[in-house]
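Results of the structural survey
Chain by chain, the residues run as shown.
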Amino acid sequence: MAEPIIIDGKTVSEAIIDRVHAESQALIAERGITPGLAVVLVGDDPASATYVRSKGKMCERLGFHSVTHRLPADTPEDDLLALVGVLNVDPTIHGILVQAPLPGHINYDRIVKAIDYRKDVDGLHPVSVGRMVIGMPALESCTPAGVIEMLKYYRIPTDGVRTVIVGRSNLVGKPLANMMMQKRKGGNAIVTVAHSAARDLKSITREADILIAAIGRPRYITADMVRDGATVIDVGINRVEDAGAKRGYRLVGDVDYDAVAPKCHAITPVPGGVGLMTIAMLMNNTLRSARGDVGE
Ligand code: NDP
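Just so we're clear, the structure is a prediction, and the values are computed from it rather than from any experiment. (Residues numbered from 1 in each chain as written. Predicted model: local features only at pLDDT ≥ 70, side-chain atom pairs only at ≥ 80, totals over all residues. Heavy atoms only, no water.)

**A closer look at the sheet that holds strand β8 (residues 231–234)**
Hydrogen bonds between backbone groups are what pair the strands of a sheet, and the pairing can be parallel or antiparallel. The 6 strands lie next to each other as β1-β11-β8-β7-β5-β6, forming an open sheet whose pairing is parallel. The sheet terminates laterally at β1 (5–6) and β6 (190–194), the two strands that pair on one side only. Both strand β5 (residues 162–166) and strand β7 (residues 210–213) contribute to a ladder of 4 bridges, which runs parallel. Bridge pairing in β7 links T163 to I210. (Pairing = 2+ DSSP bridges. Helix = DSSP H or I, 4+ residues; strand = E, 2+ residues; numbered from the N terminus.)

**Some remarks on the pattern of salt bridges**
Scanning the model with the defined rule gives 15 salt bridges in all. We note a salt bridge from E14 to K10, for which the minimum N-O separation is 3.8 Å. Of this pair, E14 and K10 both sit in helix α1 (residues 9–31), 4 residues apart, roughly one helical turn. Since its relative accessible area comes to 23%, E14 is described here as partly exposed. A salt bridge links D224 to K202; the nearest nitrogen and oxygen atoms lie 3.4 Å apart. Pair noted here: D224 is in the loop between β7 and β8 and K202 is in helix α8 (residues 201–205), with a separation of 22 residues, a long-range link. Residue D224 is classed as partly exposed on the basis of its relative accessible area, which comes to 38%. K202 sits in the partly exposed class, given a relative accessible area of 35%. Each of the salt bridges in this network shares a partner with another, and the network as a whole consists of R19, E23, R288, R291 and D293. (Salt bridge = Lys/Arg side-chain N within 4 Å of Asp/Glu carboxyl O. Buried < 20%, exposed > 50% of the residue type's maximum accessible area, 1.4 Å probe, protein only.)

**Considering the nonpolar core**
The nonpolar side chains of soluble globular proteins are, as a tendency, buried together. Ranked by internal contacts, the top residues of the largest apolar core, which has 50 residues, are V147, I212, I233, V235 and M283. Of all the secondary structure elements, the ones that give two or more residues to this core are α1, β2 (36–42), α2 (46–62), α6 (142–153), α7 (173–181), β7 and α10 (277–291). Sorting elements by how many residues they give to this core places α10 first, with 8 residues. Summarising the domain contributions, this core has at least three residues from each of domain 1 (32–116) and domain 2 (141–276). If we skip the residues at most four places from it in the chain, V147 touches L176, I212, I233, V235 and V274. By size, the runner-up hydrophobic cluster in this structure holds 17 residues, among which are A194, A208, M225 and V226. (Core = buried A, V, L, I, M, F, W, Y, C linked by side-chain atoms within 4.5 Å. Domains from an automatic or database assignment. Contact = heavy atoms within 4.5 Å.)

**Examining the site of the ligand**
Inspection of the region around the ligand gives 22 residues, with R168, S169, S196, Y220 and T278 positioned closest. In this structure, an oxygen atom belonging to the ligand sits 2.7 Å away from a side-chain N or O atom of R168. S169 places a side-chain nitrogen or oxygen 2.5 Å from an oxygen atom of the ligand. Isolated, the ligand exposes 930 Å² of accessible area, and the fraction of that covered by the protein chains is 72%. Its residues assigned to classes, the shell around the ligand comprises 10 nonpolar, 10 polar and 2 charged. (Near = heavy atom within 4 Å. Polar contact = N/O pair within 3.5 Å; in protein donor to acceptor, adjacent residues only side chain to side chain. Areas by Shrake-Rupley, 256 points an atom, 1.4 Å probe, with all protein chains shown as cover. Nonpolar A, V, L, I, M, F, W, Y, C, P; charged D, E, K, R; others polar.)

Here it is in structure tokens:
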């Protein structure tokens with residue numbers, strides 16, 4: 001088989017960031033609106049702190065207004081709800097993101113529900129999800145939206161294409177399945193969703209012309225589970241021990257890349273694939289919110 005196309009997250013995310021930059025400059029120039037993102041970090045989880053910093057840096061690069069609220073780990077839920085309430089009515093803020101995971105005493109769903117859905121740049125509010133499912137303008141969940149942008153950028157057709165998604169989380173699998181079946185560009189796929197109750201997963205994944213893994217298990221999708229010529233999108237990000245690596249671990253996807261890639265028409269690597277898309281789509285959502293794309 002020919003060499004697979006490597007779907008490069010850096011190339012696609014940079015193209016999106018460039019577009020978001022150009023469109024936000026136009027919004028500032030024409031309507032005097034600077035997109036604003038508020039990120040709330042509760043506690044001192046080092047990985048979350050890194051994500052929050054990179055979001056701040058990206059806002060700076062794009063010329064967005066950016067505010068970070070760092071709250072102690074023992075912040076009462078009511079205080080966090082009150083902060084969300086303030087941000088909901090702050091006219092300089094168009095996107096509110098409360099970084100997950102939250103400390104155990106705070107109910108994440110309650111916090112997400114308190115965010116004005118028009119500022120829900122994570123696309124996780126029940127109203128955002130519902131609007132997306134029924135085809136209304138909505139802020140859409142960032143990682144699944146990023147997957148669709150990758151397919152579009154590489155001109156991988158989805159229209160009528162048999163697509164299998166392994167994973168049904170609220171964060172990835174469920175929204176992605178719904179987005180891919182929407183009757184629109186980058187959608188209109190024939191979607192099957194598999195999960196841990198699948199009896200013979202291989203027989204399902206082998207049907208896929210587009211196979212998307214969002215499982216959270218290192219190299220779980222092996223070559224025998226993939227049809228020749230399929231496009232494989234690996235959402236998984238898993239740490240595996242690696243004594244030779246500086247940090248003692250390295251990141252691998254849910255797909256056994258070395259064995260699967262030679263069979264594929266196209267494939268995303270990990271790292272360097274879907275992982276880079278999430279922040280680009282977050283910025284895109286902040287721009288869309290500032291522009292009022294979501295409407296009432
Ligand atoms: P979850 O753990 O919430 O969901 C995993 C899904 O995989 C579940 O639906 C589960 O089924 C299914 N599953 C687990 N084991 C099997 C199995 N043996 N066979 C079939 N299905 C199985 O994970 P997320 O969706 O949040 O994340 C998935 C992966 O994507 C992770 O590696 C995560 O790190 C990564 N990720 C990457 C992002 C990015 O690129 N920016 C963002 C978000 C996630 P069931 O529902 O039955 O339990």
